Amino acid sequence: MSNPTKHADYGKVVRIQIPSNPRFVSHTRNYFFNLCLEHGFSLFDSMDLKLVIGEAITNIIRHAYSAQTDKPIFIEIQFDKDRVEIKLRDYGKKVEPKDLRSFDVSDYREHGIGLFMIRELTDYYFLDQSFEIGNQMVLIKRK
């Protein structure tokens, strides 16, 4: 007997590619905010997710691509009945876990609050570095 495989409902998946240029961060955040509202997320959760995606994109630009403005960032957003899953993929430098800033707000060092915000404003996050080149961050937020 074969196991049924769950297939993606592509009517609920949004894929976009943006360049690693900071001028696209605001546009992408606003687009994502509106998508969240349209898919039944509260105003507060939509705002949290807007902040999270902005921080994640900014981290890719700053750390993976060293502020180069012509590299690709791939974003996949899948809405389900009770949650959203966001995947952000880059082809930049891998982040060394030892270089990640503390998750303690009292350890604020001018930079590094982005991962703290991502951790606090999502239900799950994971930095997948299993790729030969680049990184993928997976974020999940439940309604």
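Just so you know, these numbers come straight off a predicted model, no measurement behind them.

*Asks:* Just checking my understanding: could you explain the sheet that holds strand 5 (residues 135-142) for this structure?
*Replies:* Note on sheets: strands pair through backbone hydrogen bonds, and any given pair is parallel or antiparallel. Strands sit in the order 1-2-3-5-4 across an open sheet of five strands; the sheet is antiparallel. Lying at the two open borders of the sheet, with one neighbouring strand each, are strand 1 (13-19) and strand 4 (124-128). The sheet shows a mean angle of 15° between the axes of neighbouring strands, taken without regard to direction. With respect to the sheet, helix 1 (residues 23-38) is in contact with strand 1, strand 2 (72-79) and strand 3 (83-90), its orientation differing from that of strand 1 by roughly 170°.

*Asks:* Looking at this structure, how should I read the nonpolar core?
*Replies:* Proteins that are soluble and globular tend to have nonpolar side chains buried together. Ile57, Ile75, Ile77, Ile86 and Leu88 are the most contacted members of the largest nonpolar core, which totals 29 residues. Among the secondary structure elements, those contributing two or more residues to this core are strand 1, helix 1, helix 2 (43-64), strand 2, strand 3, helix 3 (113-121) and strand 5. Here this core gets eight residues from one element, more than from any other, and that element is helix 2. Apart from the residues within four sequence positions on either side, Ile86 is in contact with Phe32, Leu49, Ile53, Ile75, Glu76, Ile77, Met137, Val138 and Leu139.

*Asks:* Mind showing me how you'd approach the pattern of salt bridges here?
*Replies:* If charged atoms from side chains of opposite charge come close, those side chains can pair. Across all of its chains, the model carries six salt bridges by this definition. Ionic pairing is found between Asp80 and Arg83, a salt bridge with its closest N-O pair at 3.5 Å. Through salt bridges with shared partners, a single ionic network connects Asp80, Arg83, Glu85 and Lys87.

*Asks:* Which parts of the structure should I look at to understand unusual backbone geometry?
*Replies:* The bulk of non-glycine residues show a negative phi, and the bulk of peptide bonds are trans. At Ser66, a position not held by glycine, the phi torsion is positive, near 50°. Within the fold, Ser66 resides in the loop between helix 2 and strand 2. The backbone of Ala67 shows a phi angle near 70°, a positive value even though the residue is not glycine. Relative to the assigned elements, Ala67 resides in the loop between helix 2 and strand 2.

*Asks:* Hey, could you run me through the packing of helix 1 against helix 2 in this one?
*Replies:* To describe two helices that pack against each other, one gives the angle between their axes and the distance between the axes. At a minimum axis separation of 9 Å, helix 1 and helix 2 run at an interaxial angle of 150°. Judged on the interaxial angle alone, helix 2 and helix 1 are roughly antiparallel. Like other packed secondary-structure pairs, helix 1 and helix 2 cross with a definite hand, here right-handed. Contacts between helix 1 and helix 2 pair Val25, Thr28, Arg29, Asn30, Phe32, Phe33, Cys36 and Leu37 from the former with Leu43, Ser46, Met47, Leu49, Lys50, Leu51, Ile53, Gly54, Ile57, Thr58 and Ile61 from the latter.

*Asks:* Looking at this model, I keep getting lost on helix 3. Mind explaining?
*Replies:* Each α-helix winds once per 3.6 residues, and so residues spaced three or four apart point in a common direction. Burial in helix 3 covers these residues: Gly114, Leu115, Phe116, Met117, Ile118 and Leu121. Of the surrounding elements, those touching the buried residues of helix 3 are helix 2, strand 4 and strand 5.

Here is what the cut-offs are and how they apply
- Residues numbered from 1 in each chain as written.
- Predicted model: local features only at pLDDT ≥ 70, side-chain atom pairs only at ≥ 80, totals over all residues.
- Heavy atoms only, no water.
- Pairing = 2+ DSSP bridges.
- Helix = DSSP H or I, 4+ residues; strand = E, 2+ residues; numbered from the N terminus.
- Axes fitted to C-alpha atoms, helices over the stretch in contact; angles between N-to-C directions.
- Contact = heavy atoms within 4.5 Å.
- Core = buried A, V, L, I, M, F, W, Y, C linked by side-chain atoms within 4.5 Å.
- Buried < 20%, exposed > 50% of the residue type's maximum accessible area, 1.4 Å probe, protein only.
- Salt bridge = Lys/Arg side-chain N within 4 Å of Asp/Glu carboxyl O.
- Parallel < 35°, antiparallel > 145°, perpendicular 65-115°, else oblique.
- Left-handed = near helix turned anticlockwise from the far one by under 90°.

Functional significance is not addressed by these values, which are geometric in nature.
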